[in-house]
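What the coordinates show
The chain contents come next:
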Amino acid sequence: MVVHPAVKGGEGNRLPEARLAEAVGLAGAIDLDIVAAEAVNVAKLRPATLMGKGAVERLAELVEERDVALAVVDCHLSPVQQRNLEKAWGCKVIDRTGLILEIFGARARTREGTLQVELAALSYQRSRLVRSWTHLERQRGGFGFLGGPGETQIEADRRMIGERIVKLERELEDVKRTRDLHRKARRKVPYPIVALVGYTNAGKSTLFNQLTRAEVLAKDMLFATLDPTMRTLVLPSGRKIILSDTVGFISDLPHELVAAFRATLEEVLEADIVVHVRDISHPDTEAQSADVDTVLKELGLAEVVDRGLVEALNKIDLLDEERRHEVLNQARRRDGVMALSAITGQGVDELLAELDRRLGHARETIDVALPLGDGASIAWLYSHGEVVARRDDEAQAFMRVKLDPADVKRFHQRKAEGRGH
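These numbers were taken from a predicted model, which means no experiment stands behind them. (Residues numbered from 1 in each chain as written. Predicted model: local features only at pLDDT ≥ 70, side-chain atom pairs only at ≥ 80, totals over all residues. Heavy atoms only, no water.)

You can see Pro 16 is positioned in helix 1 (residues 16-28). Taking relative accessible area as the criterion, Pro 16 reaches 23% and is therefore assigned partly exposed. Each C-alpha atom, one on Pro 16 and one on His 4, is 7.6 Å from the other, the two residues being 12 residues apart in sequence. (Helix = DSSP H or I, 4+ residues; strand = E, 2+ residues; numbered from the N terminus. Buried < 20%, exposed > 50% of the residue type's maximum accessible area, 1.4 Å probe, protein only.)

Here is the structure:
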């Protein structure tokens, strides 16, 4: 059963129905069989049970009637609220944080992702080692929550979790050092980095596949992608870039997972351009956009937001004709905004042209004179830059070339070393 408590005045500009649908999508992302879903109006938050007595009792009847084994409450529950709801309903209860951690545990593929999620899960679990779940049988091991944390020796459990957390933190430091070495190696490759960010299920991975012809998992599912993926992409001008597909964002990101997010999003800090992919067909698209900006700022990326993101208004193929024209006109009027469909490819060329244009601003224009016999250097300039003018005489080629700053340095280095290849 999925329950979204619609707190009076606490939804912001989001619709309770959309919040409930998102919670159902999260539960479906780990293959839970959902037999009931409901948005419950909550006039006043109760410290003991979150919801009023009437709502708790009515949902208890639903739990019994539908034989519910697990209830997901789509908000943050205190350990006391969680325990009291479990007693009232006679089933396992997890909150939004526990559900998202469960999904991340199922999705993490890289060693670092797995370590970060386990660390987040243990920190969360340690805060909940109260005398609870005595009526529930532990269903499985591991650090998931669907089976409960086990119930016998609380102090021993707390000590073991503390020791495991210390060990994980040490292992993560080693992994981070390795990743820093990889990043330094990447900086030596003079390709600009373009990162795709956006709310979960906005279509980032589908767009990534459309642009790079890769086969990254792209499903109509929340958090289908967790670990970042990078591929080389050639823009229309011939310029090579590295495109990075990142984890999807979500509102009310559990604070336990901020560190895991930061690790996967450090690629965004390195990016020359950040593309914000939005699901323009979603009823809460504006609220989702605001959530992405908020999470970026929380992760220390306020500078990236203020610098201005390229906006890709995705899924225009799902709009009716009138709304599609409206979105297309809106995109034409705003600088750095593209309307597109990652599925059909419509508008993708405009996005690539915008990336080319933005990266072109950073290019330096240099004038060079090369012997006509130095075909390797001339070819190098054509492959790494944009030759805007060329004049040849009997002995030399006089060229005006636009190059990325890193390539200007490489070209001068080649000349200094006397390399013609």
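In the structure shown here, the tally under the stated rule is 1 aromatic pair. Positioned above the aromatic ring of Phe 398, the side-chain terminus of Arg 391 is 4.5 Å from the ring centre. (Phe/Tyr/Trp six-rings, centres within 6.5 Å; stacked < 30°, edge-to-face > 60°. Lys NZ or Arg CZ within 6 Å of the ring centre and 35° of its normal.)

For Asp 31, which is not glycine, the phi dihedral falls at a positive 60°. Relative to the assigned elements, Asp 31 resides in the loop between helix 1 and strand 2 (37-42). Here the phi dihedral of Asn 201 falls at roughly 70°; this positive angle occurs in a residue that is not glycine. Among the secondary structure elements, Asn 201 is positioned in the loop between strand 5 (193-198) and helix 7 (204-212). Residue classification places Asn 201 among the partly exposed positions, given a relative accessible area of 22%.

Moving on, we get to the environment of Ala 18. Along the chain, Ala 18 falls in helix 1. Overall, Ala 18 belongs to the buried group, its relative accessible area being 11%. The spacing of Ala 18 and Pro 283 is 265 residues in sequence and 7.5 Å in space, taken between C-alpha atoms. Beyond its immediate sequence surroundings of up to four residues, Ala 18 is in contact with His 282 and Asp 284. (Contact = heavy atoms within 4.5 Å.)

Nothing here speaks to function; it is geometry throughout.
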